Amino acid sequence: MNRRSFLRNSACAATLSALAPLSLSTFAEEYKKYEKRIPIGLELYSLRDVINHDTFPKYLKLVAEMGYECVEFAGYHGYSAKELHKLLADVGLKATSTHIGFGAIQGDELKKSADFAAEVGFNFLIVPGGLEGRIRESFDSNKKCAEEMSACAEKAAEFGMFVGFHGHSGDYMNIKDTDVSAWVTFFNNCDPRVIAQVDVGWCDHAHRHGQKLTPAETLAALPGRGRVLHIKSDNTDVHGCCVADKDDQVNWKDVFEVAHEKAGTEYFIVEQESWKVSSVDSAKECLENLKKLGW
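Residues numbered from 1 in each chain as written. Predicted model: local features only at pLDDT ≥ 70, side-chain atom pairs only at ≥ 80, totals over all residues. Heavy atoms only, no water.

(A) Representation of the overall build of the chain within the structure. Of the regular secondary structure elements, the chain holds 12 helices and eight strands. Here the chain holds 295 residues, and 55% of them are scored as buried. For the chain, the computed accessible surface area is about 12,700 Å², with 51% contributed by carbon and sulfur atoms. (Helix = DSSP H or I, 4+ residues; strand = E, 2+ residues; numbered from the N terminus. Buried < 20%, exposed > 50% of the residue type's maximum accessible area, 1.4 Å probe, protein only. Areas by Shrake-Rupley, 256 points an atom, 1.4 Å probe, with all protein chains shown as cover.)

Pasting the structure below:
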């Protein structure tokens, strides 16, 4: 089931030097230099195979027991905002954001989305697609998309909300027949309040398939815009590769450095789209691996 189907159903550039991989212990020591620790959360799409209306409370509790501090929604499974607020409070979790359709942040739908988010307790409304490659089609198309998103950002600000866009592999590639990043161009065209939610795994995948910018360079190209960062592994040859496991190809040292020092990152959100054993085991392993890196 893809993300768009899941949401529908549940709702009824500065150049960084390439560094040799560090051992986990050395990485952990490096991480201690940062004065502010960024909280780690789970994108609930990671548990899409086990979460439904009846099981939702059980798995929120399990996510908290794993050690995650917050969650990002991908649908609300039939619960009201008041009910979600209580469910989160009962297990000690915070909601950071939601993945929501582009239509839900436009027109009259925006106020409904904003009111719902405010009652639950979060203010980041992130669109995980829906621009259908328009940001890559041409400079004019890219600018028009940015104008549409900027209009949403201006209106969202009236409700104390921020809107953003989450990228998949193609979104990080260049504008058609150019050597210019569609992603960076889009956000440079946008109202600066629009959040650039880089998905590290998808961005790394794009880099390995022709995009010159690494995930760290992509983040660095948009200072202060990466407030909610998706932490995902990259190795398309290994099904179910977990964040920071032996098969993960991402240079996490560079990513974490830019997240702390330039991107303005407030939350790290783990997302796992496939798994070796189970979605629950993968979510747990990702967090355990991140703790070994010094979390």
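(B) Spatial organisation of helix H8 (residues 182–189). Burial analysis of H8 places six of its eight residues in the buried class, the great majority of the element. Burial in H8 covers these residues: Ala182, Trp183, Val184, Thr185, Phe186 and Phe187. The elements touched by buried residues of H8 are helix H6 (134–137), helix H7 (139–157), strand S5 (162–166), strand S6 (195–197) and helix H10 (215–220). With a side-chain oxygen lying 3.3 Å from the backbone nitrogen of tryptophan 183, the N-terminal cap of H8 falls on serine 181. (Contact = heavy atoms within 4.5 Å. Polar contact = N/O pair within 3.5 Å; in protein donor to acceptor, adjacent residues only side chain to side chain.)

(C) Region of interest: helix H5 (residues 107–120). Inspection of H5 places Leu110, Ser113, Ala114, Ala117 and Val120 among the buried residues, and these make up the whole buried set. Each buried residue of H5 sits inside an arc of 125° when the element is viewed along its axis, so together they form one side. Facing away from the buried side of H5 by over 90 degrees, the exposed positions are Asp108 and Lys112. Residues of H5 that are buried sit in contact with strand S2 (70–73), helix H4 (81–91), strand S3 (94–99), strand S4 (124–127) and H7. (Arc of directions from axis to C-beta.)

(D) Examining the nonpolar core more closely. Formed by 87 residues in total, the largest nonpolar core has its most connected members in Tyr68, Phe73, Ile105, Met149 and Phe186. Residues in contact with methionine 149, not counting those within four places in the same chain, are Phe102, Ile105, Val127, Val163, Gly164, Phe165, Phe186, Cys190 and Val194. Core analysis: the next-biggest nonpolar cluster, separate from the first, contains seven residues, Phe124, Ile126, Val228 and Ile269 among them. (Core = buried A, V, L, I, M, F, W, Y, C linked by side-chain atoms within 4.5 Å.)

(E) Representation of the confidence of the model for the chain. Of all residues in the chain, 88% have pLDDT values of 70 or greater, and the mean over the chain is 91. Every residue in residues 11–22 scores below 50 in pLDDT, and together they form 18 contacts with partners more than four places removed in sequence or on other chains. (pLDDT = per-residue confidence, 0-100.)

(F) Seen up close, the pattern of salt bridges. Here the structure, examined in full by the defined rule, presents 20 salt bridges. The closest approach of N and O atoms between aspartate 90 and lysine 86, which form a salt bridge, is 2.8 Å. Here the residue aspartate 90 and the residue lysine 86 both occupy positions in helix H4, the gap between them amounting to four residues, near one helical turn. Accessibility classification places aspartate 90 together with lysine 86 in one group, the exposed group. A salt bridge links aspartate 204 to arginine 208, with the nearest nitrogen and oxygen atoms 2.7 Å apart. With relative accessibility at 4%, the residue aspartate 204 sits in the buried group. Via salt bridges that share partners, Asp199, Lys232, Glu271 and Glu273 belong to a single interconnected network. (Salt bridge = Lys/Arg side-chain N within 4 Å of Asp/Glu carboxyl O.)

(G) Empty space enclosed by the protein, seen in detail. Of the pockets and cavities examined, the second largest cavity occupies roughly 30 Å³. Lining the second largest cavity, in full, are Trp183, Ala196, Val198, Thr218, Leu219, Leu222, Arg225 and Gly226. Looking at side-chain class alone, the lining of the second largest cavity contains five nonpolar, two polar and one charged residues. (1 Å grid on protein atoms, 1.4 Å probe; cavity = no way out; pocket = protein on both sides within 12 Å on 5 of 7 lines; lining within 4 Å. Points joined across faces, edges and corners; volume = space filled by probe spheres on them. Nonpolar A, V, L, I, M, F, W, Y, C, P; charged D, E, K, R; others polar.)

(H) Broad picture of the sheet that holds S3. If you trace the eight strands from one edge of the open sheet to the other, you get S6-S5-S4-S3-S2-S1-S8-S7, paired in parallel fashion. Both edges of this open sheet fall to S6 and strand S7 (228–231), since each of them pairs with a single strand only. Direction aside, neighbouring strands of the sheet carry axes that sit 30° apart on average. The pairing of S4 with S5 spans four bridges and is classified as parallel. Counterpart to isoleucine 126 in the pairing with S5 is glycine 164. Relative to S7, helix H11 (residues 252–261) is tilted by about 170°, and along the sheet it contacts S7 and strand S8 (267–270). (Pairing = 2+ DSSP bridges. Axes fitted to C-alpha atoms, helices over the stretch in contact; angles between N-to-C directions.)

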